[in-house]
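# Understanding the architecture of this molecule
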Amino acid sequence: MVVTPRFIFLHLHKSGGTFVNECLVKFVKDARHVGYHLPRTMVPQEFAHLPALGLVRNPWSYYLSWYSFQLDRPHPNFLFRILSDDGQLDFEATVRNMLHLGAGSIRLDMLLRALPSAYSNQGLNLPDFALAPIRDTGLGFYSYLYRYLYHGGAEPAIVGRMEEMREELVPMLEQVAHSPSEDMRAFIAEELPRNTSQHGDYTQYYSDALQKLVAKRDEEIIERHGYRFGG
């Protein structure tokens, strides 16, 4: 989470937030980090009245990015280890387990026992009590994170699509009365992505059944932000 005198930026997991965090702290006067992957409900009181910005991505792309990023790490997080049986399961089986966390999965109980009981401001930064409400919602993990992160505030958060971030971020900033400098505009347009994972086009990894399961569990994001498989 980054706070500034005019707005806040909320960092949704694996959705371009590292790039935007760096950009804001570098170019926006008095911008500063106040936490990592913290939800809007935890914005410091003196900034709680400000408009909130954020990003989202295609859910099918999100699940592959998350899986690939964790798979390449020497020490994957608890979430990956539990959902993948310590890396023994493939992409399809691991993501299916992830999508069933909100549908009465026994792995949710395993995960809640493994997660910390407080925020750590590193890694996933999702304590047990923050994930527990996913139970029986039927939501995909990414849709749950989306609700959890952006819920609250007097006005809905202004959420742009990560895929169009280079085109959408400047208008989003102008919407909250911040006019980016030329250097900031150049950074947004030209800097390389941050914190990426290595994989091919996400459409190559999905069976028809898994594609449809994401469409069902993450329908809220798909409909709200105009996503489709392969688009």
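Quick summary incoming for the structure in this document. All figures in this text were calculated on a predicted structure; none of them were measured in a lab. (Residues numbered from 1 in each chain as written. Predicted model: local features only at pLDDT ≥ 70, side-chain atom pairs only at ≥ 80, totals over all residues. Heavy atoms only, no water.)

Moving on, we come to the packing of helix 8 (residues 165-175) against helix 9 (residues 182-190). The interhelical angle for the contact between helix 8 and helix 9, taken along N-to-C directions, is 150°, at an axis separation of 8 Å. By the angle between their axes, helix 8 is roughly antiparallel relative to helix 9. For the element pair helix 8 and helix 9, the recorded crossing hand is right-handed. On helix 9, the residues that touch Met 165, Arg 166, Leu 169, Val 170, Leu 173 and Glu 174 of helix 8 are Met 184, Arg 185, Phe 187, Ile 188, Ala 189 and Glu 190. Split by residue class, the contact of helix 8 with helix 9 holds 8 nonpolar, no polar and 4 charged. (Axes fitted to C-alpha atoms, helices over the stretch in contact; angles between N-to-C directions. Helix = DSSP H or I, 4+ residues; strand = E, 2+ residues; numbered from the N terminus. Parallel < 35°, antiparallel > 145°, perpendicular 65-115°, else oblique. Left-handed = near helix turned anticlockwise from the far one by under 90°. Contact = heavy atoms within 4.5 Å. Nonpolar A, V, L, I, M, F, W, Y, C, P; charged D, E, K, R; others polar.)

Glancing now at the pattern of salt bridges. Applying the stated criterion across every chain yields a total of 11 salt bridges. Between Glu 92 and Arg 96 there is a salt bridge, and its shortest N-O distance comes to 3.1 Å. With Glu 92 and Arg 96 both in helix 4 (residues 91-99), this residue pair falls 4 residues apart, about one helical turn. According to the relative accessible area criterion, Glu 92 is buried, its value standing at 19%. For Arg 96, a relative accessible area of 33% corresponds to the partly exposed category. With a closest N to O distance of 3.1 Å, Glu 174 and Arg 185 form a salt bridge. (Salt bridge = Lys/Arg side-chain N within 4 Å of Asp/Glu carboxyl O. Buried < 20%, exposed > 50% of the residue type's maximum accessible area, 1.4 Å probe, protein only.)

Turning our attention to the sheet that holds strand 1 (residues 2-3). Pairing in this open sheet of 5 strands is mixed, and the strands run 3-1-2-4-5 from one edge to the other. Of all strands in the sheet, those with a lone pairing partner are strand 3 (32-33) and strand 5 (158-161), marking the two edges. The pairing of strand 1 with strand 2 (residues 8-9) spans 2 bridges and is antiparallel. Opposite Val 3, over in strand 2, you have Ile 8 as the bridge partner. Packing of helix 8 onto the sheet brings it into contact with strand 4 (52-56) and strand 5, and relative to strand 5 it is tilted by some 165°. (Pairing = 2+ DSSP bridges.)

Per the stated rule, a full pass over the model turns up 15 aromatic pairs. Taking the centre distance of 5.5 Å and the plane angle of 70° together, the rings of Phe 27 and Phe 187 count as edge-to-face. Pair noted here: Phe 27 is in helix 1 (residues 17-27) and Phe 187 is in helix 9, with a separation of 160 residues, a long-range link. Taken together, the ring pairs in this structure connect Trp 60, Trp 66, Tyr 67, Phe 80, Phe 91, Tyr 202, Tyr 205, Tyr 206 and Phe 229 into an aromatic cluster. Lying across the ring of Phe 69, Lys 14 places its NZ or CZ 4.0 Å from the centre. (Phe/Tyr/Trp six-rings, centres within 6.5 Å; stacked < 30°, edge-to-face > 60°. Lys NZ or Arg CZ within 6 Å of the ring centre and 35° of its normal.)

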